[in-house]
Each structure stands twice: as C-alpha cells, then as structure tokens.
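Fold and geometry: a report
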Amino acid sequence: MAGGSPAGVPVTLNFATKYNLRKNSGVLEPSTLNIGGAAAHVNGTYQTTGEVTAVNIKLNAKDMPAKDLEAFLPALGVNLPKGANLTAGTLNTDLTIAGPSNKMVTSGTVGLFNGVLAGFDLGSKISSVASLAGIKSTKDLNIEKLTSNVRVAPDGIKADDFLAVLPAIGNLTGAGTVNSKNALDFKMLATLTKEASSAATSGGGAGSAAGSLGELLSTVTGGGGSACSEGLKVPFQIQGTTADPKFIPDVGGLAKDLFKSQLGCIGGKSPAGATKAQGQNPADAINALGGLFKKKKP
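Predicted, not measured: the structure shown is a model, and the values here were computed from it. (Residues numbered from 1 in each chain as written. Predicted model: local features only at pLDDT ≥ 70, side-chain atom pairs only at ≥ 80, totals over all residues. Heavy atoms only, no water.)

1. Section: the pairing of strand β7 (residues 141-153)
- Pairing of strand β6 (residues 105-118) with β7 involves 11 bridges; the strand directions are antiparallel. Bridging across to β7, F113 finds its partner in K145.
- Pairing geometry for β7 and strand β8 (residues 156-166), over 8 bridges, is antiparallel. Counterpart to V150 in the pairing with β8 is A159.
- Count of turn residues in the β7/β8 antiparallel hairpin: 2 residues. (Pairing = 2+ DSSP bridges. Helix = DSSP H or I, 4+ residues; strand = E, 2+ residues; numbered from the N terminus.)

What follows is the structure, encoded as structure tokens:
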C-alpha cells in the first residue's frame with residue numbers, strides 16, 4: 001500500500017489450492033500464514049479475468065505474539081513511535097481481504113491484549129493534554145486492551161470504534177485515519193480513572209495546567225468537582241505521523257462538555273442539593289481553558 005515500506009521479517013504462506021482452468025477460478029483451502037512465531041489461518045476464493053485476479057479471502061488469528069508482528073507493521077504503513085517497541089501482548093484478528101490483487105481492501109476487527117509498548121511515555125508525549133488531565137509520566141505504556149474496526153486500503157487505514165483500556169490512565173475512545181503518507185487524523189476522548197480525575201480536579205501544583213483546571217472546576221461548579229461518579233472526560237486530537245504522533249487538546253470541546261454538568265462531572269450526574277455556580281458561563285470557561293494552553297478562544 002502507499003506509504004508502506006518493506007517488512008523486516010519474511011512472511012511464509014503454506015497453502016493448498018484447487019484451480020478450475022475452464023472457469024479461471026480457484027479455491028484457497030484452509031492454509032497457514034506465518035510471520036515469525038505468529039500464525040494466522042486463511043481460506044477463500046479467487047477469480048482471474050484477463051490480467052486481473054480478484055480475491056475474497058478470510059484471515060483470522062488468535063493469540064499471535066505482538067512482538068513477532070512489530071517488524072511487519074511497516075508493510076501496512078504503520079510505524080511505531082520512535083524509540084518504542086512492543087515487548088509483550090497478543091493480537092487477535094478477524095479480517096476479510098477482497099478485491100483485485102493490486103487494489104485489495106482488508107476490513108474487520110483487530111485486538112491487542114495485555115500489551116506493553118516499551119519506551120513510550122504517554123504522559124510526556126501528550127504534553128498539555130497530560131497536564132490538563134493529571135496524567136503521570138511513565139517509562140512504558142501498559143495496554144490492557146486495544147480494539148478497533150479497521151479498513152486497510154491502498155490509500156490508507158481507517159479505524160472506527162477505537163477503544164484502548166490503559167490501567168494507569170483510563171479509557172481512550174474515538175476514530176480516525178492514517179493516510180497514504182502516514183499522517184494521522186484522529187478525534188479521541190479520554191475517560192480518566194477516578195485516581196487521574198481526582199488528580200486533575202484537585203490541582204497539579206501551583207501554576208500547573210492541572211492546578212488551573214482544578215481551580216476552574218471549583219469556580220464554575222461551586223466546589224463540587226470531587227463528587228464525580230464518573231471519570232473526567234478530556235477530548236483531544238491525534239495528528240502528526242504514526243512514528244511521531246502529536247496530541248492536541250480540544251479546548252472548545254472540553255468547555256462544552258464541562259457545562260453538561262453543574263459539577264464538572266462531564267457526562268455524569270450532579271449530587272442531590274447541588275446548585276449552579278453564580279456567573280457560570282461557557283464562553284468564560286472557553287477563555288479560561290484556552291489560557292491554560294496559551295491558545296486563542298475558538
């Protein structure tokens with residue numbers, strides 16, 4: 001695909017097929033595709049018309065070692081962030097590969113479980129988002145679960161229903177694309193754990209963005225921010241490339257969601273007896289939040 005580069009490991013396909021010379025069509029019987037110690041099962045059909053061969057193949061796999069697949073990802077146009085490596089985890093996938101062999105489209109589901117992305121400090125990478133959310137820096141990123149619906153075509157990758165469960169942070173949900181030049185365009189929402197939410201709303205130290213957010217929540221909610229029954233929700237965008245992702249806070253989106261609740265429990269319920277703070281104004285919150293990142297109001 002465009003934007004891809006040679007894989008660092010060989011791919012081996014042990015297959016059996018039956019081909020009908022009269023119909024120029026064939027059946028790919030249950031076969032095995034190997035990438036290092038990772039194995040996937042494939043089967044399906046193919047049809048040749050002139051110089052074009054169209055395929056309809058099913059590929060499924062369970063518990064493939066993630067570290068064995070890392071060197072193959074560049075062939076799909078996916079490069080891990082610089083300095084990061086998959087050192088643990090297993091990958092499950094259920095995909096359909098269809099279309100002409102020179103323009104194949106792969107669609108289905110993928111899931112990474114109990115993974116470790118070593119050398120990737122999400123807290124430092126997401127910069128102002130981390131400060132806003134009270135996310136701490138860590139040497140490695142532990143991934144309990146990462147699942148998504150995907151569509152891989154010659155012009156890029158599309159991911160829908162993206163979900164990442166990160167024990168130290170919370171849940172990341174959203175959708176986006178990786179185009180043929182490896183450029184990212186994702187709109188995401190981080191739902192923080194109660195611990196991270198507490199850190200954000202209680203303040204992250206004098207002069208910090210988290211501290212300023214805590215003061216803002218206290219001002220507009222009458223001091224009730226700590227009563228949230230759900231984790232704080234922080235909308236953000238991911239841009240840049242897969243090798244060098246950029247995390248950008250959605251300040252306007254945060255202010256909008258903030259005022260869905262009188263207590264800043266974004267998307268949550270207000271405790272009984274809570275009252276709306278005097279002077280609560282979405283425009284004022286946008287200005288205040290924009291000041292945390294030295295941005296002009298949207």
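Now that the structure has been shown, the text picks up again.
2. Considerations on the nonpolar core
- In terms of nonpolar packing, the biggest core is built from 28 residues, with L141 and L166 touching the most fellow members.
- Listing elements by their share of this core, those giving two or more residues are β6, β7, β8, β9 (170-179), β10 (184-192) and β11 (233-240).
- L141 has contacts with G115, V116, L117, F120, L122, L166 and I169, leaving out every residue within four places of it along the chain.
- The next biggest cluster of nonpolar side chains, apart from the first, holds 15 residues, and it includes L33, L59, A61 and M64. (Core = buried A, V, L, I, M, F, W, Y, C linked by side-chain atoms within 4.5 Å. Buried < 20%, exposed > 50% of the residue type's maximum accessible area, 1.4 Å probe, protein only. Contact = heavy atoms within 4.5 Å.)

3. Observations concerning unusual backbone geometry
- Of note in this structure, N24 is not a glycine but carries a positive phi near 55°.
- Here N24 lies in the loop between β1 (11-20) and β2 (25-35).
- You will see that N114, though not glycine, has its phi angle at about 55°, which is positive.

4. Description of the environment of A98
- Checked against the element boundaries, A98 lands in strand β5 (residues 85-100).
- The spatial distance from the C-alpha of A98 to the C-alpha of G44 is 9.7 Å, given a sequence separation of 54 residues.
- Not counting the four nearest positions on each side in its chain, A98 is found in contact with V55, N56, K103, M104 and V105.

5. Looking at the environment of N24
- Assessed through its relative accessible area of 34%, N24 is described here as partly exposed.
- For the pair N24 and T48, spaced 24 residues apart in sequence, the C-alpha to C-alpha distance is 5.4 Å.
- In contact with N24, not counting residues within four places along its chain, are Y19, Y46, Q47 and T48.
- Reaching out from N24, the side chain makes a polar contact with the side chain of Y19 at a distance of 3.4 Å. (Polar contact = N/O pair within 3.5 Å; in protein donor to acceptor, adjacent residues only side chain to side chain.)

6. Side note on the pairing of strand β4 (residues 52-65)
- Where strand β3 (residues 38-49) meets β4, 9 bridges bridge the pair, whose relative direction is antiparallel. Bridge pairing in β4 links Y46 to V55.
- Bridging between β4 and β5 involves 10 bridges; their strand directions are antiparallel. Paired with N56 across the two strands is A98, which belongs to β5.

7. Observations regarding the sheet that holds strand β12 (residues 245-249)
- Read across the sheet, 12 strands follow the order β1-β2-β3-β4-β5-β6-β7-β8-β9-β10-β11-β12 without closing on themselves; strand pairing throughout is antiparallel. Either end of the sheet is taken by a strand with one partner, and the two such strands are β1 and β12. Taken over all neighbouring pairs, the strand axes of this sheet differ in orientation by 15° on average, direction set aside. (Axes fitted to C-alpha atoms, helices over the stretch in contact; angles between N-to-C directions.)

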